[in-house]
Amino acid sequence: MPEIVVKFDDRVIERVVTEKKHITIGRTPDNDIVLDNRGVSRKHAQIEFNNNSAVIIDNESLNGTFVNHRKVTEEVIKDNDVINIGKFTLHFHQDASRDELQPASLEGTMVLRTKKQKDLLDKDRHAAEITARAGSSVLLGQAGTDIGEYKLNRPVTTLGRADFVDLKVRGFFVTGLQAKIVKESGGFFVVNLGRQGKTKLNGEIVSDRQQLKNDDLIQVGKSIFRFLDGGS
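Residues numbered from 1 in each chain as written. Predicted model: local features only at pLDDT ≥ 70, side-chain atom pairs only at ≥ 80, totals over all residues. Heavy atoms only, no water.

S.K.: What should I look at first to understand the overall build of the chain in this one?
M.R.: When its secondary structure is counted, the chain shows 1 helix and 23 strands. Per-residue burial for the chain yields a buried fraction of 48% across its 232 residues. When contacts within the chain are restricted to residue pairs at least 6 apart in sequence, those whose partners lie at least 24 apart make up 42%. Carbon and sulfur atoms make up 48% of the accessible area of the chain, which totals about 12300 Å². (Helix = DSSP H or I, 4+ residues; strand = E, 2+ residues; numbered from the N terminus. Buried < 20%, exposed > 50% of the residue type's maximum accessible area, 1.4 Å probe, protein only. Contact = heavy atoms within 4.5 Å. Areas by Shrake-Rupley, 256 points an atom, 1.4 Å probe, with all protein chains shown as cover.)

Shown next as structure tokens:
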């Protein structure tokens, strides 16, 4: 039977073993594989099984479906192919090891969840509660800042060491106005305005501007913020 191993941050959070001819992948609980994160569409993708072949079909999702790092709309998947959906990786295996399966699992679909999956779901629910309460997207202070929650309810939010900025940050060689977060019709963007190398997104240097996605980590100097997308 085919097996799909779901990973987040390179850690296994779920194993799905199925005898179905069709399985769905998405954010809502009625999917066979639930990826409960706002970077995943409600009905993101589906996999069709036919004899010894499998085809993944993207359901016109917002952020796309990738097979072996290549964006696809419909693709035959083979043993050991890697599917990327949002921040999740799904490792496809043509045949699951039957010695690891319980007899009751041999009908329909079996999902083995881990504590990591539960923690991830709890984290995403908590983030949704924060943005709902704020009525906007939010920055959460993670390190090097006294800010707990900051509402991104204005077109521009500035960061730096100057007294006039919205969010003061820490660190050597950070300029008075180091970066800004701008809200545009296409979403939120972080823009570097000061010294190169002092504005980073998920550990990568922002040389100009970069679009933000839910749960991204923004580092300005030694201050780190987590971006929660309120969908506004």
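There's more to say after this.
S.K.: What is the right way to look at the pairing of strand β17 (residues 179-184) in this model?
M.R.: In regular strands, side chains alternate between the two faces of the sheet. Taken together, the 4 bridges between strand β15 (residues 156-160) and β17 define a ladder with antiparallel strand orientation. Paired with T157 across the strands is I181, a residue of β17. Pairing of β17 with strand β18 (residues 187-192) involves 6 bridges; the strand directions are antiparallel. Looking at the pairing, K180 lines up with V191 of β18. (Pairing = 2+ DSSP bridges.)

S.K.: Which parts of the structure should I look at to understand the packing of aromatic side chains?
M.R.: Each aromatic ring pair is characterised by the separation of its centres together with the angle its planes make. In total, this model carries 2 aromatic pairs according to the counting rule given. Judged by centre distance (5.3 Å) and plane angle (55°), the ring pair of F8 and F88 falls under tilted. Of this pair, F8 sits in strand β1 (residues 3-8) while F88 is found in strand β11 (residues 88-93), placing the two residues 80 residues apart along the sequence. (Phe/Tyr/Trp six-rings, centres within 6.5 Å; stacked < 30°, edge-to-face > 60°.)

S.K.: Sorry if this is basic, but what is going on with the pattern of salt bridges here?
M.R.: Close approach of charged atoms lets side chains of opposite charge pair. The final tally for this structure, using the stated rule, is 12 salt bridges. Across the pair E75 and R70 runs a salt bridge whose closest N-O atoms are separated by 2.5 Å. A salt bridge links R170 to D146; the shortest N-O distance between them is 2.9 Å. Here R170, found in the loop between β16 (167-168) and β17, pairs with D146, found in the loop between β13 (137-143) and β14 (149-152); they are 24 residues apart in sequence, far enough to count as distant. You can call R170 partly exposed: its relative accessible area is 42%. (Salt bridge = Lys/Arg side-chain N within 4 Å of Asp/Glu carboxyl O.)

S.K.: Where do I start with the environment of K198 in this structure?
M.R.: Positionally, K198 belongs in the loop between β18 and β19 (199-201). Using a relative accessible area of 25% as the deciding quantity, one classes K198 as partly exposed. C-alpha of K198 to C-alpha of G221: the two residues are 23 residues apart in sequence and 5.1 Å apart in space. Leaving out residues up to four positions away in the same chain, K198 has contacts with F172, F173, V174, Q178, Q219, V220 and G221.

S.K.: Which parts of the structure should I look at to understand the nonpolar core?
M.R.: Nonpolar side chains in soluble globular proteins tend to end up buried together. By size, the foremost hydrophobic cluster in this structure holds 23 residues, and its most contacted members are I4, I33, L35, I47 and L90. Put simply, the parts of the chain that give this core at least two residues each are β1, β2 (11-18), β3 (22-26), β5 (45-50), β6 (53-58), β10 (82-85) and β11. Contact partners of I47, with chain neighbours within four places excluded, come to I4, K21, H22, I23, I25, A54, V55, I56, I77 and I83. Formed by 18 residues, the second largest nonpolar core is a distinct cluster that contains Y150, L152, F188 and L212. (Core = buried A, V, L, I, M, F, W, Y, C linked by side-chain atoms within 4.5 Å.)

S.K.: For this particular structure, what's the right way to read the sheet that holds β19?
M.R.: Pairing between the strands of a sheet is mediated by backbone hydrogen bonds and can be parallel or antiparallel. The antiparallel open sheet is built from 6 strands, whose spatial order is β14-β13-β23-β22-β19-β20. Looking along the sheet, the strands with just one partner apiece sit at the ends: β14 and β20 (204-205). The pairing of β19 with β20 spans 2 bridges and is classified as antiparallel. Residue pairing across strands places K200 opposite I205, the latter belonging to β20.

S.K.: Whenever I open this one, unusual backbone geometry confuses me. Can you help?
M.R.: Excluding glycine, a negative phi dihedral is what most residues carry, and trans is how most peptide bonds are arranged. The backbone of E60 sits at a positive phi, close to 55°, despite the residue not being glycine. With respect to the element layout, E60 can be found in the loop between β6 and β7 (65-67). A relative accessible area of 78% means that E60 is categorised as exposed. One non-glycine residue with positive phi stands out, namely H69, at about 70°. Locating H69 in the fold gives a position in the loop between β7 and β8 (70-72).

S.K.: Explain the environment of H91 to me, please; I cannot follow it from the model alone.
M.R.: Tracing the sequence through the fold places H91 in strand β11. The contact partners of H91, leaving out residues within four places of it in the chain, are E3, I4, V5, K7, D81 and V82.

S.K.: Mind showing me how you'd approach the side chain of N37 here?
M.R.: Within the secondary structure, N37 is located in the loop between β4 (33-34) and β5. By relative accessible area, N37 is classed as buried at 8%. For N37, the residues in contact, after removing those within four places along its chain, are R27, F88, D124 and N214.

Remember, this is a structural readout, not a statement about activity or role.
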